[in-house]
Amino acid sequence: MEYPKIKIDLDKIEHNVKVIVNLCKRNNIEIAGVTKVFCANPEITQAYITGGIAYLADSRVENLIKLKDFNIPKIMLRLPMISEVEKVVEFSDISLNSSVETIKALSEKAIEKGKIHKIILMVDLGDLREGFYDEEELYNTVEEILKLRGIKLIGIGTNLTCYGGVIPDETNLGRLIKVGKIIEKKYNIKLEIISGGNSSNLYLLLKDKNIEGINNLRLGESLVLGRETSYGGKIDDTYDDAFQLITEIIEIKEKPSIPTGEVGMDAFGKVPTFIDKGIRKRIICAIGKQDIELDAIMPIDKGISILGASSDHLILDGTDSERNYKVGDKVSFKLTYAGILRAMTSEYVKKDII
Ligand SMILES: *Cc1c(COP(=O)(O)O)cnc(C)c1O
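Residues numbered from 1 in each chain as written. Predicted model: local features only at pLDDT ≥ 70, side-chain atom pairs only at ≥ 80, totals over all residues. Heavy atoms only, no water.

Draft legend 1. Local environment of the environment of E84. Mapped onto the secondary structure, E84 falls in the loop between β4 (74-76) and α4 (85-91). With 22 residues separating them in the primary sequence, E84 and L106 have C-alpha atoms 9.2 Å apart. Residues within four places of E84 in sequence aside, it is in contact with V61, M76 and L79. (Helix = DSSP H or I, 4+ residues; strand = E, 2+ residues; numbered from the N terminus. Contact = heavy atoms within 4.5 Å.)

Draft legend 2. Broad picture of the site of the ligand. Around the ligand, the structure places 14 residues, and the nearest of them are K36, S199, R218, G220 and E221. For the ligand, a nitrogen atom lies 2.9 Å from a polar atom in the side chain of R218. Between the ligand and E221 there is a distance of 2.8 Å, counted from an oxygen atom to a backbone nitrogen or oxygen. Here the ligand loses 92% of its free accessible area of 390 Å² to cover by the protein chains. (Near = heavy atom within 4 Å. Polar contact = N/O pair within 3.5 Å; in protein donor to acceptor, adjacent residues only side chain to side chain. Areas by Shrake-Rupley, 256 points an atom, 1.4 Å probe, with all protein chains shown as cover.)

Draft legend 3. Representation of the pattern of salt bridges in the model. One pass over the full model with this rule turns up 18 salt bridges. For E248, the salt bridge goes to K330, with nearest N and O atoms at 3.7 Å. Taken together, the positions of E248 in strand β10 (residues 243-256) and K330 in strand β15 (residues 330-335) put the pair 82 residues apart, joining distant regions of the chain. Residue classification places E248 among the partly exposed residues on the basis of a relative accessible area of 29%. (Salt bridge = Lys/Arg side-chain N within 4 Å of Asp/Glu carboxyl O. Buried < 20%, exposed > 50% of the residue type's maximum accessible area, 1.4 Å probe, protein only.)

Draft legend 4. Representation of the packing of helix α1 (residues 10-25) against helix α2 (residues 42-51) in the model. For the pair α1 and α2, interaxial distance at closest approach is 8 Å and the crossing angle is 35 degrees. In this structure, α1 crosses over α2, and the sense of that crossing is right-handed. Touching L10, I13, E14, V17, K18 and V21 of α1 are E43, I44, A47, Y48, T50 and G51, all from α2. Grouping the constituent residues of the contact of α1 with α2 by class yields seven nonpolar, two polar and three charged. (Axes fitted to C-alpha atoms, helices over the stretch in contact; angles between N-to-C directions. Left-handed = near helix turned anticlockwise from the far one by under 90°. Nonpolar A, V, L, I, M, F, W, Y, C, P; charged D, E, K, R; others polar.)

Draft legend 5. Representation of the pairing of strand β14 (residues 314-317) in the model. Of the strand pairs in this sheet, strand β11 (residues 279-285) and β14 are connected by four bridges, and their pairing is antiparallel. Pairing of C285 across the sheet is with L314, part of β14. Where strand β13 (residues 305-309) lies against β14, four bridges are found, and the strand directions are antiparallel. The residue of β14 that forms the bridge with G308 is I315. In this structure, the hairpin formed by β13 and β14 is closed by a connection of four residues. (Pairing = 2+ DSSP bridges.)

Draft legend 6. Quick look at the nonpolar core. Of all hydrophobic cores here, the largest spans 89 residues; its most connected members are L121 and F243. With seven residues, α1 is the largest single contributor of residues to this core. If sequence neighbours within four positions are ignored, L121 has contacts with N97, I103, F132, L138, V142, I145, L153, G155, I156 and G157. With 12 residues, the next largest nonpolar core counts A32, L96, I154 and I193 among its residues. (Core = buried A, V, L, I, M, F, W, Y, C linked by side-chain atoms within 4.5 Å.)

Draft legend 7. Structural view of α1. Over its 16 residues, α1 extends 22 Å from the first C-alpha to the last, a length consistent with the 22 Å expected when each residue adds 1.5 Å. Among all positions in α1, only L10, K12, I13, N16, V17, V19, I20, V21, L23 and C24 are buried. Taking the backbone nitrogen of D11 as reference, a side-chain oxygen 3.0 Å away marks D9 as the first, capping residue of α1. (Expected span 1.5 Å × (residues − 1).)

Draft legend 8. Fine view of the pairing of strand β7 (residues 151-158). Counted residue by residue, β7 has seven buried out of eight residues, so it is predominantly covered. Bridging between strand β6 (residues 117-123) and β7 involves seven bridges; their strand directions are parallel. Opposite L121, over in β7, you have I156 as the bridge partner. In this region the chain leaves β6, passes through helix α6 (residues 135-145) and returns to the parallel neighbour β7; the handedness of that crossover is right-handed. As for the winding sense of the linkage, the β-α-β connection from β7 through helix α7 (residues 170-187) to strand β8 (residues 193-195) is right-handed. (Right-handed = clockwise from strand over helix to strand, strands pointing away.)

Draft legend 9. Up close: the packing of α6 against α7. Look at α6 against α7: their axes get within 11 Å of each other, and the N-to-C directions meet at 40 degrees. Remark: the crossing between α6 and α7 carries right-handed chirality. Within the contact between the two elements, α6 uses E135, L138, Y139, V142 and E143 and α7 uses R175, V179, I182, I183, K186 and Y187. Taken together, the residues of the contact of α6 with α7 sort by class into seven nonpolar, no polar and four charged.

Draft legend 10. Layout of the environment of T102. Residue placement: T102 occurs in helix α5 (residues 100-112). According to the relative accessible area criterion, T102 is buried, its value standing at 8%. Sequence separation between T102 and G261 is 159 residues, and the spatial gap between their C-alpha atoms is 59 Å. Among all residues touching T102, those that are not within four sequence positions of it are P80, I82, V85 and N97.

Here's what the structure looks like:
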């Protein structure tokens, strides 16, 4: 095997998915399993499906294309670009939307292809990323798109704790549910899906504060890392190490903790600062900022700390470790969500699925 690599444990992922599917099922919620963090890798996607998710969801058309052979409804998560509507209609069944122009373009393409494309309208409840902020504009849009023959409005949804960090609660989700009821009554239609958001919603279920009326969540981080994302709380009986980064040591030497000579800028144009801890055992691993951010990796060996990195070199302090590392040995790390995303996207990080 070549290094660096990201080791992916499918059994752990499937286990996480099962635990969270059960939690959601008890609250009458179906899960759209979000595949973007692992670039829609088919084997990991299969673990999602075996675990019991109801939909697949991704923010990029390139990833939806990779999912085309899975016979399960697919959701395009990012508001489609008008320039990509043809692919969106071809490779997803449902898309999240907030602009009439785009929905008209989707409808035209769907008619051309003899399909009906399903739409979930996004409502901005205050987090200030995508969605209708103004309710009147939302109702006017519903009226306008109900006339379109290529699309079907099947639900509304929201996204919280993304840009503004707003936490889902009774007040904001209550508003989503109310808006849904107004649309159903005003236009005499049934909305199948009320999609309450992402992994940040799970803290409500964990605290038994589920909000009646939400019947769908789009989950990524909670499935891969076993945590809700409102407060970062761990979900009982899940794994946080299904993805591990494994790097190889290319140098180990005793060196001072402060550079010798006049200090200018580092490789990224910043002036570094140092604390004098005397002579330390410094370990260099063959991976760098091209593949990972330093705050996205956590050494599994508690005796190792991270000193810094340049594009291709990761520098660790191994003085306090109980292990007697040698050049050629491997050092493993847990990853944050951003760390998994970056490592999965880097072509230099090999993927080892077990
Ligand atoms: C990425 C994404 C999600 C999943 O978010 P997690 O916090 O990983 O659960 C849900 N909805 C949309 C629109 C997204 O883009």
